[in-house]
Amino acid sequence: MASSATVSAPKKRKSFSEYFHSMRGQQLIVTLVFLFVPLVLLFMFTYLPFFKMVEFSFFKMKYIGRRTFVGLQNYISVFTRKDCFHALSLSLYYMVGSVVQMALALLFATILSFKCKGSKFFRGALYFPCLICGISVGFIFKFFFTHGFVLDTLLSWVGFNVDKLPFWLRDESINNVVLVACSIWKYIGQNIVMFIGAIASVDPVLYEAAEIDGANAWHRFKDIILPSISTIVVLNLIISVSGALSAFEMPYVVTGGGFNTSTYFVVMDKIAHTDQKVGLASAMAVVLLLLIVIVTYAQKAVEKWLESEAERMNAIKMKRILINICKYVLLIFAAFVALVPIVSCIFTAFKTEQEYASTNVITLPKSFLNFDNFIIAWNKANMGKAFLNSFIILICVLAGSIMISAMLAYVLNRFKFPGNKLIRNLFTIATLIPGIASQVTVYQIMTALHLVNSMPGYIILMMGTDVITIYIFLQFFENLSSTLDESAILDGCTYFGVFFKILLPLLKPAIVTSAILKGVSTYNEYYMANLYLQDKTKYQVVATSLYVFSGPMGNQYNYICAGVIITIIPALIVFLLCQDQIYSGMAAGAVKG
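Given the structure is predicted, the values throughout are model-derived calculations rather than measurements.

Rules used throughout
All chains use their own residue numbering, which begins from 1 and follows the written sequence. Where local features are concerned, this predicted model is filtered to residues with pLDDT of at least 70; where side-chain atom pairs are given and counted, the filter is 80 or more; whole-chain, interface and lining totals use all residues. Just so you know, side-chain values use all the structure's heavy atoms and leave hydrogens and water out. Numbering of helices and strands runs from the N terminus; a helix is a DSSP stretch of H or I covering at least four residues, while a strand is a stretch of E covering at least two. Working definition: with a 1.4 Å probe on protein chains only, accessible area under 20% of the residue-type maximum means buried, over 50% means exposed, and in between means partly exposed. Throughout, a residue-residue contact means that at least one pair of heavy atoms, one from each residue, lies within 4.5 Å. What sets the accessible areas is the Shrake-Rupley method with a 1.4 Å probe; for residues, cover comes only from the shown protein chains. Pairing of aromatic rings covers Phe, Tyr and Trp, the last through its six-membered ring, and needs centres within 6.5 Å; plane angles under 30 degrees mean stacked, over 60 mean edge-to-face, and all others mean tilted. Lining residues are those with an atom within 4 Å of a point, where the points come from a 1 Å grid over the protein atoms alone and group into cavities, where a 1.4 Å probe fits but cannot get out, or pockets, open sets with protein on both sides within 12 Å along at least five of seven lines. Grid points are joined across faces, edges and corners, and a volume is the space filled by probe spheres set on the points. Only a pair of cysteine sulfur atoms within 2.5 Å qualifies as a disulfide here. Side-chain classes follow a simple rule in which Ala, Val, Leu, Ile, Met, Phe, Trp, Tyr, Cys and Pro form the nonpolar group, Asp, Glu, Lys and Arg form the charged group, and the remainder, Gly included, forms the polar group. Each helix should span, by expectation, one fewer than its residue count multiplied by 1.5 Å. Here the bend at a residue means the angle between the axes of two seven-residue stretches, the one that ends at it and the one that starts at it. We call a set of buried Ala, Val, Leu, Ile, Met, Phe, Trp, Tyr and Cys residues a nonpolar core when their side-chain atoms join them within 4.5 Å. Distance thresholds for patches are 9 Å for like charges and 5 Å for nonpolar side chains (Val, Leu, Ile, Met, Phe, Trp, Tyr), applied to residues having over 30% relative accessible area and no salt bridge. Every case where a carboxyl oxygen of Asp or Glu lies within 4 Å of a side-chain nitrogen of Lys or Arg is listed as a salt bridge. Orientation is described by lines fitted to C-alpha atoms, with helices fitted over the stretch in contact, and by angles between N-to-C directions that extend from 0 to 180 degrees. Geometric relationships in this document are graded by angle, where less than 35 degrees denotes roughly parallel, more than 145 denotes roughly antiparallel, 65 to 115 denotes roughly perpendicular, and other angles denote oblique. Left-handed describes a crossing in which the near helix is turned anticlockwise from the far one by less than a right angle; the clockwise case is right-handed. For the purposes of these results, a polar contact is taken to be a pair of N or O atoms within 3.5 Å, where, inside protein, one atom must be able to donate a hydrogen and its partner to accept one; residues adjacent in sequence count only when each atom of the pair is a side-chain atom.

(A) Structural context of the overall build of the chain. Within the chain one finds 29 helices and two strands. Counting across all 593 residues of the chain, residues that qualify as buried make up 53%. Considering only contacts within the chain whose residues lie at least 6 apart along the sequence, 77% involve residues at least 24 apart. Summed over its atoms, the accessible surface of the chain is roughly 28400 Å², and 67% of this surface lies on carbon and sulfur atoms.

Okay, here's the thing in structure tokens:
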């Protein structure tokens with residue numbers, strides 16, 4: 001008699017082919033494929049150099065040769081060597097500048113995010129400087145602050161005696177403040193645009209409710225705007241502090257590091273690549289990282305204290321008409337400050353030798369059809385080759401970087417798997433590691449891989465995953481309903497197909513925004529281009545081509561200004577064509593807290 005108990009047959013295990021075609025199998029394969037390249041780049045060019053940097057900091061060593069363990073001696077030298085300690089103290093100027101930059105960026109972004117006549121012009125005027133190559137900005141301000149030139153001429157118009165004005169770049173009591181102001185001028189635009197995008201993503205219903213409750217402008221900012229954009233504020237804060245402590249281009253180009261303006265990174269670069277003291281330079285880089293961490297947390301604490309203090313002091317309400325007057329006066333002044341250095345450079349670029357020698361720097365040229373200076377600058381700087389190389393690098397870097405970031409954001413947003421949060425944190429923490437400082441060890445890795453003086457090697461290095469781009473794509477995926485994926489899967493589409501056929505075409509605003517931001521930084525990159533593309537006859541790029549004017553032609557500003565204008569033209573074209581996409585892309589992809 002058969003047993004009444006039913007014995008269930010063991011569940012048949014899926015073959016690899018069956019697992020591969022299952023939803024879970026496809027998810028695993030997509031996750032591994034899409035994560036592989038960004039994680040390799042993150043490890044190779046961020047975390048591996050960081051750990052090697054920490055290791056090297058305990059040794060006396062050069063790039064090639066024996067190493068001698070010296071313990072903490074390199075760290076002691078950072079604080080006892082006169083050049084290192086003085087450069088470290090100069091970092092205070094740039095850290096204070098980063099706080100001022102963030103505060104001004106928030107102020108202008110808040111003003112321009114609401115009803116304001118001429119807002120498009122003011123946005124453009126404030127954003128455009130960040131599109132200009134750092135070396136070009138350096139030459140612009142070297143011209144602007146030279147005694148008797150642009151700034152002195154403007155001040156003479158309002159009654160100042162030029163002979164009694166200081167030498168802005170030589171007077172050690174003010175020259176570092178001047179360089180910090182130049183840095184703010186260059187970088188504040190990107191902060192403003194990102195804040196405008198973040199503020200645009202705040203629900204308008206919150207403003208309406210606040211107005212009904214009688215909240216004034218300060219309370220709307222403090223209680224609605226600031227909490228809603230806290231993530232992007234913190235991210236910008238970290239990046240600004242890191243950039244401030246790694247200041248390089250302004251002192252390097254404008255003063256050559258002279259007159260006590262050598263910043264921490266200028267000194268570190270000399271110690272690493274000229275003196276070949278890799279251990280000491282690594283210790284300086286580690287100290288720099290620790291400073292960035294400490295200052296970031298200190299700034300957050302100070303911000304909270306300032307908020308509470310401001311709330312107690314907010315007892316007097318200004319009339320709306322006075323607020324509007326102050327708002328437009330501030331915007332007009334800011335636009336003037338942003339544009340006058342560029343305009344003065346344009347005037348000089350079109351002047352003949354005789355005009356340049358005999359007229360005021362603010363005087364209009366006799367003709368805007370004199371292109372002799374541009375032809376000389378083009379030939380002297382070998383700009384034809386430079387633009388071709390820059391174009392090739394730009395196309396390859398943008399294609400690779402955008403695709404890598406989009407695939408990474410897709411996996412992190414759509415799939416839940418062990419380690420998802422860890423990977424997000426690894427990319428966020430990477431923003432604390434100053435990329436320009438870790439070049440001490442990245443250079444050794446690139447040398448070992450035979451990627452120095454190699455166009456493909458430089459492209460791979462520049463393709464390193466960009467956290468800002470990842471955040472933009474992550475937020476766009478948040479705004480795309482997952483029902484799109486589910487419907488496509490039900491119709492037989494694979495996860496690869498969902499990404500490439502369904503979601504990627506919908507990411508056009510994020511792609512445009514990311515391409516502009518990444519493209520600008522790649523086009524403007526001087527330090528790494530100069531370090532890794534050493535054969536200037538073959539690998540000259542736009543950012544390095546201008547440095548030819550730092551030699552015997554260093555005082556011929558009619559040629560220098562012409563060269564600067566040539567490098568600005570591509571940025572101006574991109575800006576005029578894509579201004580609306582920048583703002584709308586940032587608004588759609590802004591990161592809210």
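(B) Seen up close, the packing of aromatic side chains. In total, this model carries 33 aromatic pairs according to the counting rule given. Measuring from centroid to centroid gives 5.7 Å for Trp-378 and Phe-387, while their planes differ by 15°, and the two rings are stacked. In this structure Trp-378 comes out as partly exposed when scored by relative accessible area, which is 37%. Among the aromatic residues, ring-to-ring pairing joins Phe-34, Tyr-410, Phe-415, Phe-477, Tyr-495, Phe-496, Phe-499 and Phe-500 into one connected group.

(C) Here's a closer look at the layout of surface pockets. Quantified by volume, the second largest pocket comes out at close to 750 Å³. Those elements that place two or more of their residues in the lining of the second largest pocket are helix H4 (82-112), helix H6 (134-145), helix H7 (150-157), helix H8 (175-200) and helix H15 (320-349). For the lining of the second largest pocket, the leading source of residues is H15, giving eight residues.

(D) Focus on the state of the cysteines. For the structure on display, the rule yields zero disulfides. Counting only cysteine sulfurs, Cys-561 is the nearest neighbor of Cys-345, a cysteine outside any disulfide, at a range of 3.3 Å. Since its relative accessible area comes to 1%, Cys-345 is described here as buried.

(E) Highlighting empty space enclosed by the protein. Evaluation of the coordinates by the stated rule reveals three cavities of 30 Å³ or more. Taken as a whole, the second largest cavity spans an internal volume of roughly 70 Å³. Lining the second largest cavity, in full, are Ser-390, Ile-393, Leu-394, Tyr-458, Thr-522, Tyr-523, Glu-525, Ala-529, Val-541 and Ala-543. For the lining of the second largest cavity, the secondary structure elements donating two or more residues are helix H18 (383-414) and helix H25 (508-524). The residue inventory of the lining of the second largest cavity, partitioned by class, reads seven nonpolar, two polar and one charged.

(F) Structural detail: helix H2 (residues 23-56). Its 34 residues give H2 an end-to-end C-alpha distance of 46 Å, which sits within 8% of 50 Å, the value for a rise of 1.5 Å per residue. Where H2 bends most, the angle comes to about 40°, and this point is Phe-43.

(G) Focus on the nonpolar core. Phe-145, Phe-195, Ile-229, Tyr-410 and Tyr-532 are the most contacted members of the largest nonpolar core, which totals 200 residues. Dropping the residues within four chain positions of it, Phe-145 is found in contact with Leu-151, Trp-168, Leu-169, Val-178 and Cys-182.

(H) Structural view of a nonpolar patch on the surface. On the surface, Leu-388, Phe-391, Ile-392 and Ile-395 cluster together to form a nonpolar patch covering roughly 380 Å² of accessible area. Counting through the fold element by element, Leu-388 comes out in helix H18. With relative accessibility at 47%, the residue Leu-388 sits in the partly exposed group.

(I) Representation of the pattern of salt bridges in the model. Counted according to the given criterion, the structure contains five salt bridges. Measuring nitrogen to oxygen at the nearest pair gives 3.2 Å for the salt bridge that ties Asp-275 to Lys-270. Among the residues examined, Asp-275 registers a relative accessible area of 26% and is labelled partly exposed. Exposure remark for Lys-270: the relative accessible area of 45% places this residue in the partly exposed category. Between Asp-485 and Arg-414 there is a salt bridge whose closest N-O contact spans 2.9 Å.

(J) Quick peek at the packing of H2 against H18. Following both chains from N to C, one finds H2 and H18 inclined at 130°, their axes separated by 9 Å at the closest point. Classed by the angle they form, the pair H2 and H18 counts as oblique. The way H2 lies across H18 gives a crossing that is left-handed. Facing H2, whose interface residues are Val-30, Thr-31, Phe-34, Leu-35, Val-37, Pro-38 and Leu-41, H18 presents Ile-404, Met-407, Leu-408, Tyr-410 and Val-411. Split into classes, the residues belonging to the contact of H2 with H18 amount to eleven nonpolar, one polar and no charged.

(K) Spotlight on the environment of Met-284. By the secondary structure assignment, Met-284 is in helix H14 (residues 278-313). C-alpha of Met-284 to C-alpha of Phe-79: the two residues are 205 residues apart in sequence and 9.4 Å apart in space.

(L) Structural detail: the side chain of Ser-514. Relative to the elements of secondary structure, Ser-514 occurs in helix H25. Residue classification places Ser-514 among the buried positions, given a relative accessible area of 0%. Ignoring anything within four residues of it in the chain, the contact list for Ser-514 reads Ile-402, Thr-469, Ile-472, Phe-473 and Gly-519.

(M) Structural detail: unusual backbone geometry. For Gln-276, which is not glycine, the phi torsion reads 60° and is therefore positive. Mapping Gln-276 onto the fold places it in the loop between helix H13 (264-274) and H14. In this structure, His-450 takes a positive phi of about 60° despite not being glycine. Summarising the element assignment, His-450 is placed in the loop between helix H20 (439-448) and helix H21 (455-462). His-450 gets classed as exposed once you look at its relative accessible area, which sits at 69%.

(N) Expanded view of the side chain of Arg-414. Within the fold, Arg-414 resides in helix H18. The class for Arg-414 is buried, based on a relative accessible area of 16%. Engagement of the side chain of Arg-414 in a polar contact is seen with the side chain of Asn-413, the distance being 2.7 Å. There is a polar contact of 3.0 Å between the side chain of Arg-414 and the backbone oxygen of Leu-480. Apart from residues lying up to four places away in sequence, Arg-414 is in contact with Phe-477, Leu-480, Ser-481, Ser-482, Asp-485 and Leu-503.

(O) Spatial organisation of the packing of H2 against helix H19 (residues 420-430). Contact pair H2 / H19: the axes reach a minimum separation of 11 Å and the direction vectors enclose 35°. H19 is crossed by H2, and the crossing has left-handed handedness. Between H2 and H19, the residues in contact are Leu-35, Pro-38, Leu-39, Leu-42, Thr-46 and Tyr-47 and Ile-423, Leu-426, Phe-427, Ile-429 and Ala-430, respectively. For the contact of H2 with H19, a count of residues per class yields ten nonpolar, one polar and no charged.

Everything listed is a geometric property; what it means functionally is a separate question.
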